[in-house]
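Next come the chains, spelled out residue by residue.
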Amino acid sequence: MSVRHTLLLAAAFALAPLASHAQDLMSRSLTPPAADQWQSFGDGESHKLVKDDGVRGGWAYQVTAAKAGQNPWDVQAGVGTDRPVKTGDVILLAFWAKAVTPPTGATAVSAPVAIQEAAAPYTRLGEATLSITPDWKLYYVTGTATKDYVPEALGVSVQLASAAQTVDLGPVFLLDYGPGYDVTHLPVNDPEAARAAEDAAKGKKKK
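Caption draft 1: Geometry of the confidence of the model for the protein chain. Taken over all residues, the pLDDT of the protein chain has a mean of 86, while the share at 70 or more is 80%. Here residues 11–20 is a poorly scored stretch, pLDDT under 50, and it has 16 contacts once near neighbours within four places are set aside; other chains count.

Caption draft 2: A look at the sheet that holds strand E9 (residues 154–159). Reading across the sheet, the 5 strands line up as E1-E4-E9-E6-E7 and stay open at both edges, with antiparallel pairing between neighbours. Strands at the two margins of the open sheet, each flanked by one partner only, are strand E1 (39–42) and strand E7 (124–132). Neighbour to neighbour, the strand axes of the sheet diverge by 20° on average, direction disregarded. In the sheet, strand E6 (residues 109–117) pairs with E9 via 5 bridges, with the strands oriented antiparallel. Among the inter-strand pairings, Val113 is bridged to a residue of E9, identified as Val158.

Caption draft 3: Region of the structure containing the layout of surface pockets. The calculated volume of the largest pocket comes to roughly 430 Å³. Lining the largest pocket are 21 residues, and of these Gln39, Gly78, Val79, Gly80 and Val156 lie nearest its centre. Elements supplying a minimum of two residues to the lining of the largest pocket: E1, strand E4 (75–80), E6 and E9. The leading source of residues in the lining of the largest pocket is E4, at 5 residues. Within the lining of the largest pocket, the residues separate by chemical class into 8 nonpolar, 10 polar and 3 charged.

Caption draft 4: Looking closely at the sheet that holds strand E3 (residues 59–65). The strand order across the open sheet built from 5 strands is E2-E3-E10-E5-E8, with neighbouring strands paired in antiparallel fashion. Strands with a single pairing partner mark the edges of an open sheet, and in this sheet they are strand E2 (45–51) and strand E8 (137–144). Ignoring which end each strand starts from, the neighbouring axes of this sheet average 30° apart. In this structure, E3 lies alongside strand E10 (residues 165–179), joined through 5 bridges in antiparallel fashion. Directly across from Thr64, in E10, lies its bridge partner Thr166.

Caption draft 5: Quick look at the side chain of Ser29. Summarising the element assignment, Ser29 is placed in the loop between helix H2 (19–27) and E1. Separated by 2.5 Å, the side chain of Ser29 and the backbone oxygen of Thr31 make a polar contact. Apart from residues lying up to four places away in sequence, Ser29 is in contact with Arg83, Leu174 and Leu175.

Caption draft 6: Highlighting the packing of aromatic side chains. Scanning the model with the defined rule gives 3 aromatic pairs in all. On the basis of an interplanar angle of 70° and a centroid distance of 5.8 Å, the ring pair of Trp38 and Phe95 is categorised as edge-to-face. Note that Trp38 is positioned in the loop between H2 and E1 and Phe95 in strand E5 (residues 89–101), a separation of 57 residues in sequence. One exposure class covers both Trp38 and Phe95, and it is buried.

Caption draft 7: A look at the environment of Thr87. Looking at where Thr87 falls in the secondary structure, it is placed in the loop between E4 and E5. Considered as a pair, Thr87 and Gly178 are 91 residues apart in the sequence and their alpha carbons are 8.9 Å apart. Ignoring sequence-local partners within four residues, the contact set of Thr87 consists of Ala145, Thr146, Lys147, Asp148 and Pro179.

Caption draft 8: The arrangement of the nonpolar core in detail. If you look at the biggest cluster of nonpolar residues, it comprises 34 residues, and the most contacted ones within it are Trp38, Leu93, Phe95, Val113, Val158, Leu160 and Leu169. Mapped onto this core, the elements with two or more residues apiece are E3, E4, E5, E6, E7, E8, E9 and E10. Per-element tally for this core: the top contributor is E5, with 5 residues. Leaving out residues up to four positions away in the same chain, Trp38 has contacts with Tyr61, Ala77, Gly78, Val79, Phe95, Val156, Val158, Leu169, Gly170 and Val172. With 15 residues, the next largest nonpolar core counts Val50, Val55, Trp136 and Leu138 among its residues.

The rules behind each value
Residues numbered from 1 in each chain as written. Predicted model: local features only at pLDDT ≥ 70, side-chain atom pairs only at ≥ 80, totals over all residues. Heavy atoms only, no water. pLDDT = per-residue confidence, 0-100. Contact = heavy atoms within 4.5 Å. Pairing = 2+ DSSP bridges. Helix = DSSP H or I, 4+ residues; strand = E, 2+ residues; numbered from the N terminus. Axes fitted to C-alpha atoms, helices over the stretch in contact; angles between N-to-C directions. 1 Å grid on protein atoms, 1.4 Å probe; cavity = no way out; pocket = protein on both sides within 12 Å on 5 of 7 lines; lining within 4 Å. Points joined across faces, edges and corners; volume = space filled by probe spheres on them. Nonpolar A, V, L, I, M, F, W, Y, C, P; charged D, E, K, R; others polar. Polar contact = N/O pair within 3.5 Å; in protein donor to acceptor, adjacent residues only side chain to side chain. Phe/Tyr/Trp six-rings, centres within 6.5 Å; stacked < 30°, edge-to-face > 60°. Buried < 20%, exposed > 50% of the residue type's maximum accessible area, 1.4 Å probe, protein only. Core = buried A, V, L, I, M, F, W, Y, C linked by side-chain atoms within 4.5 Å.

Below, the structure is given as structure tokens:
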């Protein structure tokens, strides 16, 4: 199912051969998928839209953290929801990303990523520390709503202030699968990528 979902997510933005399945995915979408939906902020943060034919849609939102912050979330990129979410709904975040400039001594960008409330206390529905590599890839986080949310009450946080670094963010999918959906049918990140995230966080190079 992971491979199928990856293909469908790619098709959903590219309008490629799996059009009917892509329409099903888009009907679940809580936010428009295009790269220009990203927003970012923080001390020492800069961003721009860049042309990149290597990613679906041909554009990326490039975010730079000029320095390490006291907290990983001192520089972050995110998107918000434009539809309501109900208690028990299973949410899948899937987004394209690549590392442009990893931290000194590292081969990837280690980034905590969360589906969370958009205001304090910023309760997290799902989270993962991702190892973003120099190649375009789809990354995933899954969460479940513990209460009802109005539009814009939930969002995505990609936290980048763990080091001076630059990432490109492509199309982003925040998909609502409804209550009780079997999460084993949803894609997951490669376990090797999770281990790489731990190494990247320690500043180790892959041997």
